[in-house]
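Architecture at a glance
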Amino acid sequence: MAKETVKIPDLGGGSVDVIEVCVAVGDVVAKEDSLVVLESDKASMEIPSPMAGKVLSISLKEGATVEAGDAILELEVEVEAETEAEDAKPDAKDQAAPAASAAPEKTAPAAEPAQPAKPEKSSAREMIKVPDVGSSDGIDVIEVCVAVGDVISEGDSLLVLESDKASMEVPSPYSGKITKIVMKVGDSAKVGAEIAEIEREIDATVDVSDAKVEASAPEKETSTPPVASSPASAAPAAKPEPTVTSHADVYAGPAVRKLAREFGLELEQMTGTGPKGRILKEDVQQFVKDLAQGKASGAGSSGAGLPSIPDIDFSQFGEIDIQPLTKLHKLTALNMHRSWVNLPHVTQFDEVDISELEDFRTGLKRDAEQRGVKLTPLPFLLKAAAVALQAHPKFNASLSADGENMVYKKYINIGIAVDTPAGLVVPVIRDVDKKSLWDLAAETAELAQKAKDRKLKPADMQGGCFTISSLGSIGGTGFTPIINAPEVAIMGVSKLAVKPVWNGSEFVPKKMLPVSLSYDHRAINGVDAGQFFTFMGTVLADIRRLLL
């Protein structure tokens, strides 16, 4: 028997919390049995045992914060196999000794059979893996774009991934023929996970020894895990399944998810009572109990004790076509509903005279063409909003999760709502106050195009302080935008219209822009909103104030 210390494996950086210890001192565990459940800001994961044995001591407890390399527990493990191997070594030596003395030179030619493997190869197989897409959790495969036998070019799409906020394509880094596909629709795509194997041509100028190493790379990858000596390095590869979150927007451990699956329940239907709203086993059991008593709301419930919308068979009235919502669309709907239910929205409306702004913008048309950009009203709105956020810091803040503090931000990042075929996304422009109108014009166009091409990364949609949602090109005289929590306000922009405005002596035609401002009444009161809105209107009406 021997003692082995099991440690926290490398989880991709940062500290995580221990939310459940699955074993006790004296327990006998098998290889890959769960030892602890850890939780980061975005996901929960189980740490499996890298070996079988008896738990002698436990080094951590629930609620502790740990990092890679911290000790989990100490195991008493069997070493019989190792002992037998050691006992066998002398026999092997004794048997090998006569052979060695009889023909000592046979060891040198032993390497010769490998030499015929030197023939110049024109192709080699490479395993393509998921690149760093800016996030490691909650990214699912929604489409596999290739099949075994396909011949593809470098840059061709292999997969389409989708996170909570965006979808993106993963291009092939090589040209060649697909020989194996590892991932399938519905898999969770973590950085470094294998996607597919490709057979690609090797440059004829490459040295034969280099080609040999390159061609054998996949074999090395498959042979490495069994001889890994560190439990920390073996643990993540041993059981990757627990990090696959079928409900990325719900906090729950693998054991709870399994229990919910056994009952055929959706976690979104439940309210978590654990830390950070985490769903516990007791919550699942209570939900089942409520179902039995007819208390629990159904999947179509609007929550907060409100009655659910009845499920209607629309086919009885005529022909219908049912199309499933994209994950992005469903998550957007969930986020909007959550914001609407939790934040007390107040919306103010106004009209801003932007006649001078439009005259100035039109006069810059030739300069814009020379720069290769299109100067729309949006860069002016972004710049005016940045100045207003500086002058009214309550709008450049967020309420803490417990509602006890206001977090004031020293940076100004503004999101712009973009409609795409897959759903609504909000890419964020950083440091708006430090950029020129030309910079903003180029960046907004670039981000909007990336959004429509499904090339936005999660990092492109994080860190916003304020959002602008424009329907100017579509129409309408006003609307009530929903706050993009945890922000505290959002501005809606409708279609410009020429209207008669009284100047004191006569009516004159003015270009009036309808705008609306929705704000969180917990953080901002009506006076603050009125002052902010008035300031914005003043700046937009006379853009020279942007220089002050």
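Structural notes on the sheet that holds strand β14 (residues 176-181)
Pairing within the open sheet is antiparallel, and its four strands lie in the order β9-β15-β14-β11. Among the strands making up the open sheet, the edge pair consists of β9 (123-129) and β11 (151-152). Sheet topology note: the β11/β14 ladder contains two bridges and is antiparallel. Each bridged residue has a counterpart across the sheet, and for valine 151 the counterpart in β14 is lysine 177.

Digging into unusual backbone geometry
At the junction of alanine 485 and proline 486, the peptide bond is cis and its omega measures out at 10 degrees in the coordinates. One can find proline 486 in the loop between β23 (466-470) and β24 (489-493). Non-glycine residue aspartate 431 carries a positive phi angle of around 50 degrees. With respect to the secondary-structure elements, aspartate 431 resides in the loop between β22 (428-429) and α11 (437-452). A positive phi angle, near 60 degrees, is found at arginine 454, a position not held by glycine. With a relative accessible area of 25%, arginine 454 lands in the partly exposed category.

What to know about helix α12 (residues 526-541)
With 16 residues, α12 extends 22 Å between its outermost C-alpha atoms, agreeing within 8% with the 22 Å of an ideal straight helix rising 1.5 Å per residue. Here the buried face of α12 lies against β16 (345-353), α8 (355-363), α10 (377-391), β23, β24 and β26 (507-520). Where α12 begins, the side chain of asparagine 525 points an oxygen toward the backbone nitrogen of valine 527, at a separation of 3.2 Å.

Observations concerning the packing of α10 against α12
Two elements in contact, α10 and α12, have axes whose closest approach is 9 Å; the angle formed by their N-to-C orientations is 135 degrees. With respect to α12, the element α10 is oriented oblique. Like other packed secondary-structure pairs, α10 and α12 cross with a definite hand, here right-handed. Two secondary-structure elements touch here, α10 through Phe380, Leu381, Ala384, Ala385, Val387, Ala388, Leu389 and Ala391 and α12 through Phe532, Phe535, Met536, Val539 and Leu540.

Re the environment of lysine 365
Inspection of the secondary structure assignment puts lysine 365 in helix α9 (residues 365-371). With a relative accessible area of 55%, lysine 365 lands in the exposed category. Sequence spacing of lysine 365 and threonine 376 is 11 residues, and the spatial spacing of their C-alpha atoms is 9.8 Å.

Remarks on the sheet that holds strand β8 (residues 71-77)
Strands sit in the order β1-β8-β6-β3 across an open sheet of four strands; the sheet is antiparallel. Here the strands that pair on one side only, and so sit at the sheet edges, are β1 (2-7) and β3 (28-29). Note that β1 and β8 share six bridges and pair antiparallel. Paired with lysine 3 across the strands is glutamate 76, a residue of β8.

Examining the confidence of the model for the chain
If pLDDT is low for a region, its predicted coordinates should not be looked at in detail. Across the chain, the average pLDDT comes to 79, with 77% of residues at 70 or higher. Across residues 81-119, confidence stays below pLDDT 50; counting only partners more than four residues off in sequence or on other chains, it has two contacts. Note on residues 296-304: pLDDT under 50 across the span, and 13 contacts to partners over four residues away in sequence or across chains.

Some thoughts on the side chain of asparagine 396
As for its placement among the helices and strands, asparagine 396 is situated in the loop between α10 and β17 (397-399). Under the relative-accessibility criterion, asparagine 396 is labelled buried at 4%. Within the local environment of asparagine 396, its side chain forms a polar contact with the backbone oxygen of lysine 409, the two atoms lying 2.9 Å apart. Look past the residues within four positions of asparagine 396 in its chain and what remains in contact with it is Leu389, Val407, Tyr408, Lys409, Tyr411, Ile412 and Cys465.

Remarks on the nonpolar core
Of all hydrophobic cores here, the largest spans 54 residues; its most connected members are Leu382, Ile414, Phe466, Ile468 and Leu517. Elements represented by at least two residues in this core include exactly α10, β19 (414-416), α11, β23, β24, β26 and α12. With nine residues, α10 is the largest single contributor of residues to this core. Apart from the residues within four sequence positions on either side, isoleucine 468 is in contact with Leu378, Leu381, Leu382, Ala385, Ile414, Gly415, Ile416, Ala417, Met491 and Val493.

Looking at the pairing of strand β4 (residues 34-39)
Among the six residues in β4, six count as buried, and that is most of the element. Pairing geometry for strand β2 (residues 16-21) and β4, over four bridges, is antiparallel. Bridge pairing links valine 18 to leucine 38 in β4.

The rules behind the values
- Residues numbered from 1 in each chain as written.
- Predicted model: local features only at pLDDT ≥ 70, side-chain atom pairs only at ≥ 80, totals over all residues.
- Heavy atoms only, no water.
- Pairing = 2+ DSSP bridges.
- Helix = DSSP H or I, 4+ residues; strand = E, 2+ residues; numbered from the N terminus.
- Buried < 20%, exposed > 50% of the residue type's maximum accessible area, 1.4 Å probe, protein only.
- Expected span 1.5 Å × (residues − 1).
- Contact = heavy atoms within 4.5 Å.
- Polar contact = N/O pair within 3.5 Å; in protein donor to acceptor, adjacent residues only side chain to side chain.
- Axes fitted to C-alpha atoms, helices over the stretch in contact; angles between N-to-C directions.
- Parallel < 35°, antiparallel > 145°, perpendicular 65-115°, else oblique.
- Left-handed = near helix turned anticlockwise from the far one by under 90°.
- pLDDT = per-residue confidence, 0-100.
- Core = buried A, V, L, I, M, F, W, Y, C linked by side-chain atoms within 4.5 Å.

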